[in-house]
Amino acid sequence: MKNNFSQIKLDLIDTEWEFTYTDHDREIVRAIVFDDEGYLYFVRAERDDDFGKATLIETSGGGVEEGEDLEEAILRELKEELGAHAEIIGKIGVVSDYYNLIHRHNINNYFLCRAVSFGDKNLTADEVQSFHLSTLKLSYEEAVCEYERCAKTKVGLLIKNRELPILMHAKVIIDKINTTA
């Protein structure tokens, strides 16, 4: 990683589903991805599962595989989900949150990444068939509006609560990068 920016740390609870127990932790990497034109890249998920029917915006990312470090994992996830070859600018935060419905504690490690180029995606069958993942290219303002719009569902609200503070923090860093460039 090239830069050390201030990191935010959030500990969130699931206010949408009743807590019964947690039986596993999941180490996750996620990224705020931006390009030189000022656009941000996210994934759109259209799901109908235990969490309910929902159309969501979310940062690209996923689980860290055994033997993988966080930086390797985020670069792999960005290639798979966005088809993006990216440069890691720095780690910008960690959000601990819960999905009570599936008894899971998530440790979300957020990175700020600059898109270098885009190529083919490598989505899993589940990401294609169950989540219908697609790429969103948005301005910062459009992304904030999209998180607000998607927060009308229970899972959408949990994702917004986790990701909007990270997006706001990333915007400050991106603006600093652009003014010093």
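Figured I'd write up the structure that's included with this text. Remember, it's a predicted structure, so these values are computed and weren't measured experimentally. (Residues numbered from 1 in each chain as written. Predicted model: local features only at pLDDT ≥ 70, side-chain atom pairs only at ≥ 80, totals over all residues. Heavy atoms only, no water.)

**Points about the overall build of the protein chain**
- Counting its secondary structure elements, the protein chain contains four helices and eight strands.
- Radius of gyration (C-alpha) of the protein chain: 16 Å, near the 16 Å computed for a compact globule of 181 residues.
- Here the C-alpha coordinates of the protein chain stretch approximately 50 × 35 × 30 Å along the principal axes.
- Within the protein chain, buried positions represent 51% of all 181 residues.
- Counting contacts in the protein chain only where the partners sit at least 6 residues apart, residues at least 24 apart contribute 74% of the total.
- Counting only carbon and sulfur atoms, one obtains 49% of the accessible surface of the protein chain, whose full area is about 9100 Å².
- One way to put it: in the protein chain the 21 positive side-chain charges average out to a point 4 Å from where the 35 negative ones average out. (Helix = DSSP H or I, 4+ residues; strand = E, 2+ residues; numbered from the N terminus. Rg over C-alpha atoms; globule rule 2.2 N^0.38 Å. Buried < 20%, exposed > 50% of the residue type's maximum accessible area, 1.4 Å probe, protein only. Contact = heavy atoms within 4.5 Å. Areas by Shrake-Rupley, 256 points an atom, 1.4 Å probe, with all protein chains shown as cover. Lys, Arg positive; Asp, Glu negative; His and termini not counted. Charge placed at Lys NZ, Arg CZ, Asp CG, Glu CD.)

**Some words on the pairing of strand E4 (residues 52–58)**
- Where strand E3 (residues 40–49) meets E4, seven bridges bridge the pair, whose relative direction is antiparallel. Across the sheet, the residue bridging to Asp49 is Gly52, located in E4.
- Once E3 ends, the chain turns through two residues before running back antiparallel as E4. (Pairing = 2+ DSSP bridges.)

**Section: the pattern of salt bridges**
- By the definition in use, this model includes 17 salt bridges.
- Put simply, Arg162 and Glu58 hold a salt bridge, and the shortest N to O gap is 2.7 Å. A residue pair is termed long-range when its members are at least 10 positions apart, and Arg162 in helix H4 (residues 154–180) and Glu58 in strand E4 qualify at 104 residues. Like Glu58, Arg162 is buried.
- The salt bridge involving Glu68 is made with Arg76; its shortest N-O contact spans 2.6 Å. Of the two residues examined, Glu68 and Arg76, each falls in the buried class.
- Connected via shared salt-bridge partners are Arg30, Glu58, Asp97, Arg162 and Glu163. (Salt bridge = Lys/Arg side-chain N within 4 Å of Asp/Glu carboxyl O.)

**Some points on the environment of Leu70**
- Tracing the backbone shows Leu70 in helix H1 (residues 70–82).
- Put simply, Leu70 and Phe34 are 36 residues apart on the chain and 19 Å apart in space, counted from C-alpha to C-alpha.
- Setting aside residues no more than four positions away along its own chain, Leu70 makes contact with Glu27, Val29, Val64, Lys91, Asn109 and Phe111.

**What about the nonpolar core?**
- Ranked by size, the top nonpolar core spans 32 residues in total, and within it Ile32, Leu40, Phe42, Ile92, Leu112 and Leu167 carry the most contacts.
- Those elements giving two or more residues to this core turn out to be strand E2 (24–34), E3, E4, strand E6 (84–99), strand E7 (104–118), strand E8 (134–138), helix H3 (140–150) and H4.
- Among the elements that make up this core, the one with the highest residue count is H4 (10 residues).
- Setting aside its immediate chain neighbours within four residues, Ile32 contacts Leu40, Thr59, Ile92, Phe111, Leu112, Cys113, Ile166, Leu167 and Ala170.
- Judged by nonpolar contacts, the second largest core, of 18 residues, contains Val33, Ala45, Ala84 and Ala115. (Core = buried A, V, L, I, M, F, W, Y, C linked by side-chain atoms within 4.5 Å.)

**Focus: the layout of surface pockets**
- Here the largest pocket is characterised by a volume of approximately 490 Å³.
- What lines the largest pocket is a set of 26 residues, among which Arg26, Arg30, Glu58, Gly61 and Phe131 lie closest to the centre.
- Contributing elements (two or more residues each) for the lining of the largest pocket: E2, E3, E4, strand E5 (60–63), H1, helix H2 (125–129) and H4.
- Among the residues making up the lining of the largest pocket, the classes are represented as 11 nonpolar, five polar and 10 charged. (1 Å grid on protein atoms, 1.4 Å probe; cavity = no way out; pocket = protein on both sides within 12 Å on 5 of 7 lines; lining within 4 Å. Points joined across faces, edges and corners; volume = space filled by probe spheres on them. Nonpolar A, V, L, I, M, F, W, Y, C, P; charged D, E, K, R; others polar.)

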